[in-house]
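# Observations on chain architecture
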Amino acid sequence: MNLLTPEESKKSLEMVMTGWKVRSELSHKIGRGRYVVAEYEKIKRITMPFGDDYLLCLTTEVQADHLNIINRIRILEAD
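This write-up is about the structure you can find in this document. (Residues numbered from 1 in each chain as written. Predicted model: local features only at pLDDT ≥ 70, side-chain atom pairs only at ≥ 80, totals over all residues. Heavy atoms only, no water.)

What follows covers helix α1 (residues 6–25). Along an α-helix, residues three or four positions apart point the same way, because every turn accommodates 3.6 residues. In this model, α1 (20 residues) spans 29 Å end to end at C-alpha, consistent with the 28 Å of a helix rising 1.5 Å per residue. Those residues of α1 that sit buried are S12, V16 and W20. Buried positions in α1, seen along its axis, are confined to an arc of 75° and lie on one side of it. Every exposed residue of α1 that faces more than 90 degrees away from the buried side is listed here: E7, K10, K11, M15, K21 and E25. Lining the buried residues of α1 we find β1 (36–39), β2 (44–50) and β3 (54–60). (Helix = DSSP H or I, 4+ residues; strand = E, 2+ residues; numbered from the N terminus. Expected span 1.5 Å × (residues − 1). Buried < 20%, exposed > 50% of the residue type's maximum accessible area, 1.4 Å probe, protein only. Arc of directions from axis to C-beta. Contact = heavy atoms within 4.5 Å.)

Following this line, the structure appears as structure tokens:
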């Protein structure tokens, strides 16, 4: 079930991209980003690179085991 309108979703994803871009610009000092988890009252949002050219953004229920999800995605990425 979508909690945001399409316009709100677009705005939210733009914020995700901006945040990831800033982290990437600092990567020479802090290292390459592995993932970011933002937890809100109603959802969790997981953002992580997928390969060299993609950024994956997932939304889950708050109680989801985000480390398990991240590890399973890494296995898919390695294949």
